[in-house]
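# Descriptive structure summary
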Amino acid sequence: MTTPDAAELRRRTHDLLAAHPPAATDRTDFLKARFDAGLAWVHYPAGLGGLDVPRSLQPVVDAELAAAGAPDNDPRRIGIGLGMAAPTILGYGTDEQKQRFLRPLWVGEEVWCQLFSEPGAGSDLAALGTRAVRGGEDWVVDGQKVWTSSAHLARWAILIARTDPDQPKHRGISYFICDMTDPGVEVRPLRQITGEAEFNEVFLTGVRIPDSRRLGPVGEGWKVARTTLMNERVSIGGARIPREGGMIGPVARTWRARPELRTHDLHQRLLTLWVEAEVARLAGTRLRQQLVAGQPGPEGSGMKLAFARLNQEISGLEVELLGQEGLLYSEWTMRRPELVDFTGRDAGYRYLRAKGNSIEGGTSEVLLNIVAERVLGLPVEPRNDKDVAWKDLAR
């Protein structure tokens, strides 16, 4: 059997559109048909929404569907599932897990969240203390997670928990899929500086997770989690955007529309940030091209670093450019949004929301270490906890 090329993908896409006209087909039914045709993520295996073809051919399908007015799967709403859970399940899940979770995840029928960070284990994620104790065919989980996007909407969560406190912190962790509707799962909103509560804290009390929902071997959860984290940083820092997309767009539009706000100093700063934003955009394109040949690497950490710094500097420039208008804030209503919108609302919102960019998805300090050690090859920082059992660490 020959591997489909671009022409074959176009033919298959046209067949999909003919059998399921977007204007006359229910949105969810169309997305399911697209998944079953292997046109969801074409680089995935056949039978799991793909056709085992290079990732570089996905734009061929996307362009044909966009031209026909076909619906997408609202990727911003299900970004954690698409960008983090799916590649981890594909890499470490059993055949049964892949068949059960990938289709409703991609279609958007089931939202996912990420139960990784804890109050005492954020930047040092491997120091987490949430426990999972084996009880028959189940694991009983107790602990607390924090900064969990979409937990108030999610049906499923990717979860790491400590299963062996006698092992060093990186070797005593296992990785699970947690049903957010199970007894013992409590979600509480965390109101942010923006006034919204897109994040949550999650309390796990006696939550029973079947061993059949474990990803990877017992005790090797850190290895599995690294796959998730590398994909997370690529999905945040390496997203596909057009020129003047993202945070630089609103500032550039204001500059063109409001000449009375311009000064020489602001002009120089805007030019510098515009160029840096364009460099970051092109670097993101190159990173996505590298993904065609394999799994994401530590380069995604560099992209996420640039994303955070640029967003904060650009949003600060926008507030200064607007003068007194930049000090206004539209509303402080407590809301629990269904998606994260870094560039939404007004300049004040963008300025405040960007402050979280250097924390979420890995703090900038941790990512600097990753870039230094794994990209530049610099010596690793000295560690005195590498071979010490987690239970013996000072906390």
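Our subject is the structure that appears above.
Bear in mind that the values here come from a model prediction, so they are computed numbers and not experimental data. (Residues numbered from 1 in each chain as written. Predicted model: local features only at pLDDT ≥ 70, side-chain atom pairs only at ≥ 80, totals over all residues. Heavy atoms only, no water.)

Checked against the element boundaries, T363 lands in the loop between α10 (347–354) and α11 (364–375). Exposure remark for T363: the relative accessible area of 14% places this residue in the buried category. Separated by 58 residues in the primary sequence, T363 and L305 have C-alpha atoms spaced 8.6 Å apart. In contact with T363, not counting residues within four places along its chain, are S123 and S358. (Helix = DSSP H or I, 4+ residues; strand = E, 2+ residues; numbered from the N terminus. Buried < 20%, exposed > 50% of the residue type's maximum accessible area, 1.4 Å probe, protein only. Contact = heavy atoms within 4.5 Å.)

Taken as a whole and assessed by the stated rule, the structure comprises 10 aromatic pairs. Between F35 and W41 the ring centres are 6.5 Å apart and the planes differ by 65°, which places this aromatic pair in the edge-to-face class. On the accessibility criterion, W41 (7% relative accessible area) is buried. Judged by centre distance (4.8 Å) and plane angle (55°), the ring pair of Y329 and W332 falls under tilted. Given a relative accessible area of 22%, Y329 falls into the partly exposed group. The exposure class assigned to W332 is partly exposed, which follows from its relative accessible area of 46%. Ring pairs connect the aromatic residues F35, W41, Y44 and W106, which therefore count as one cluster. Its guanidinium or amino end placed over the ring of F203, R188 lies 4.0 Å from that ring's centre, counting from NZ or CZ. (Phe/Tyr/Trp six-rings, centres within 6.5 Å; stacked < 30°, edge-to-face > 60°. Lys NZ or Arg CZ within 6 Å of the ring centre and 35° of its normal.)

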